[in-house]
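An overview of the molecular structure
This is what each chain is made of:
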Amino acid sequence: MKNNVKILAIIMSLLVTGISSGADISLPHRSKYKDVPVIEINDVPAKLKTAWIIDVRSKYEFDTLHIKGAVNVPLGSINFSKGLKQLLNTNTRQIIFYCNGGTCKKSYKAVIKARKSGITNTSAYDAGIYHWANKYPNHSVLLGKYPMQANTFISNSVYKARLINAETFLGKRKNNAMVLDIRDYAQRDNPLFPFEEERAQLKNMKKIKRLVRTAKKSRKTLLVYDKVGKQVRWFQYFLEKEGIKDYYFMKGGSEGYFQETLGYENFKTPEKS
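Residues numbered from 1 in each chain as written. Predicted model: local features only at pLDDT ≥ 70, side-chain atom pairs only at ≥ 80, totals over all residues. Heavy atoms only, no water.

1. Some words on the sheet that holds strand β7 (residues 163-164)
- Pairing in this open sheet of 5 strands is parallel, and the strands run β7-β11-β10-β8-β9 from one edge to the other. Edge positions in the sheet fall to β7 and β9 (197-199), since each of these pairs with one other strand and no more.
- Pairing of strand β8 (residues 177-181) with strand β10 (residues 221-225) involves 5 bridges; the strand directions are parallel. Note that in β10 the partner of Met178 across the bridge is Leu222.
- Across the sheet, helix α7 (residues 166-173) touches β7, β8, β10 and β11 (247-250), and the angle it forms with β10 is around 140 degrees. (Pairing = 2+ DSSP bridges. Helix = DSSP H or I, 4+ residues; strand = E, 2+ residues; numbered from the N terminus. Contact = heavy atoms within 4.5 Å. Axes fitted to C-alpha atoms, helices over the stretch in contact; angles between N-to-C directions.)

Right, dumping it as structure tokens:
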């Protein structure tokens, strides 16, 4: 009996250690980018003052939530390599890239892109900002506020409760609703509802605020979609701050819509870096 108790105690100890060390974090792309050096979530805090922590997501995502002290150098920027070299000219340090984590590949791609520019002392913190904010709210900046309050972080369950598939989206569109396309202009190759929707890029927050407040005042359901269902996660913080209660996001964005309505084999946008 005593041996069974000891064994159970050891198992529980291992489970707790595994959870606290980030063993529950799913990192499906590590095998594909096995040549990219990675850094674990528990090892990043020790690097905050000795390395450049680079957020390679969009400015909008960075402004919503980022690691305290991180520098935003978007991967898609034409000045990506130049921006890194400018930082290294001021202080030669190791560079650690991060993105959203999970299914996001940008941190790996940033390492590869930096290498091609001759910048080799780099690694990827691939668990991303979601896990970071959950684990280290005191080292996170949310909507410009630091330290971030843990209870202000939108959980996966709360976010997923707002995701709806194309069929449901179409059904809600027919009722008292406003459809809002928040894709960048360069991404708008296939408008979903060209004569029935509003359009506003995330960098044009003045227009977005006007549209969102109009929907709220008119008591309309707000139906929002982006390109691939990533930006809406950050847009949700704005909607919650504005006190919007009746809103939903297209699961998978415009690509998810076409994949669901036309069939995955008939529509798939080529992967971009």
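Back to the text.
2. Some thoughts on the confidence of the model for the protein
- Mean pLDDT over the protein: 87, with 87% of residues reaching 70 or higher.
- Confidence over residues 1-23 falls short of pLDDT 50; this stretch has 9 contacts with residues more than four positions distant or in other chains.
- Confidence drops under pLDDT 50 across residues 269-273; counting only partners more than four residues distant or on other chains, this segment forms 9 contacts. (pLDDT = per-residue confidence, 0-100.)

3. Some details on the packing of helix α8 (residues 205-217) against helix α9 (residues 231-241)
- Across the interface, α8 lies against α9 with an axial gap of 11 Å and an inter-helix angle of 55 degrees. Here α9 runs oblique to α8, going by the angle between their axes. α9 is crossed by α8, and the crossing has right-handed handedness. Of the residues in α9, those in contact with Met205, Ile208, Lys209 and Val212 of α8 are Phe235, Phe238 and Leu239.
- Of the residues belonging to the contact of α8 with α9, the class tally is 6 nonpolar, no polar and 1 charged. (Parallel < 35°, antiparallel > 145°, perpendicular 65-115°, else oblique. Left-handed = near helix turned anticlockwise from the far one by under 90°. Nonpolar A, V, L, I, M, F, W, Y, C, P; charged D, E, K, R; others polar.)

4. Overview of the pairing of strand β5 (residues 122-125)
- In β5, alternate side chains face the same way, and those of Thr122 and Ala124 on one face and Ser123 and Tyr125 on the other are all buried.
- The parallel pair strand β4 (residues 94-98) and β5 is bridged by helix α4 (residues 106-116), and the resulting crossover is right-handed. (Buried < 20%, exposed > 50% of the residue type's maximum accessible area, 1.4 Å probe, protein only. Right-handed = clockwise from strand over helix to strand, strands pointing away.)

5. Considerations on the nonpolar core
- Membership of the largest hydrophobic core comes to 46 residues, with the highest contact counts inside it found for Tyr125, Leu180, Val212, Leu222, Phe235 and Leu239.
- Excluding anything up to four places from it in sequence, Phe235 contacts Tyr60, Leu180, Ile182, Leu202, Ile208, Val212, Val224 and Phe249. (Core = buried A, V, L, I, M, F, W, Y, C linked by side-chain atoms within 4.5 Å.)

6. A closer look at the packing of aromatic side chains
- Counted under the stated rule, the structure contains 13 aromatic pairs.
- Measuring from ring centre to ring centre gives 6.1 Å for Tyr125 and Trp132, while their planes differ by 70 degrees; the resulting arrangement is edge-to-face. Across the pair, exposure class does not vary: Tyr125 and Trp132 are buried alike.
- The ring centre of Trp234 lies 5.0 Å from the NZ or CZ of Arg57, which sits over that ring.
- Over the ring of Tyr248 we find Lys172; its NZ or CZ atom is 4.4 Å from the centre of that ring. (Phe/Tyr/Trp six-rings, centres within 6.5 Å; stacked < 30°, edge-to-face > 60°. Lys NZ or Arg CZ within 6 Å of the ring centre and 35° of its normal.)

7. Section: the sheet that holds strand β1 (residues 51-55)
- The parallel open sheet is built from 4 strands, whose spatial order is β3-β1-β4-β5. A single partner strand is all that each edge strand has here, and the edge strands are β3 (71-72) and β5.
- Relative to β5, β4 runs parallel, the two being bridged by 4 bridges. The partner of Ile96 across the bridge, within β5, is Ser123.
- Across the face of the sheet, α4 comes into contact with β4 and β5 while running at roughly 170 degrees to β5.

8. A short note on the pattern of salt bridges
- Enumeration according to the criterion identifies 9 salt bridges in this entry.
- For Asp55, the salt bridge identified is with Arg57, shortest N-O distance 2.7 Å. Pair check on accessibility: Asp55 and Arg57 agree, each one buried.
- In this structure, Asp63 engages Lys59 in a salt bridge whose closest nitrogen and oxygen atoms are separated by 2.6 Å. Within this pair, Asp63 and its partner Lys59 are both found in helix α2 (residues 59-64), separated by 4 residues, close to a single helical turn.
- Assessed through its relative accessible area of 36%, Asp63 is described here as partly exposed.
- What makes Lys59 exposed here is its relative accessible area of 55%.
- Through salt bridges that share partners, Asp181, Arg183, Glu197 and Arg199 make up one connected network. (Salt bridge = Lys/Arg side-chain N within 4 Å of Asp/Glu carboxyl O.)

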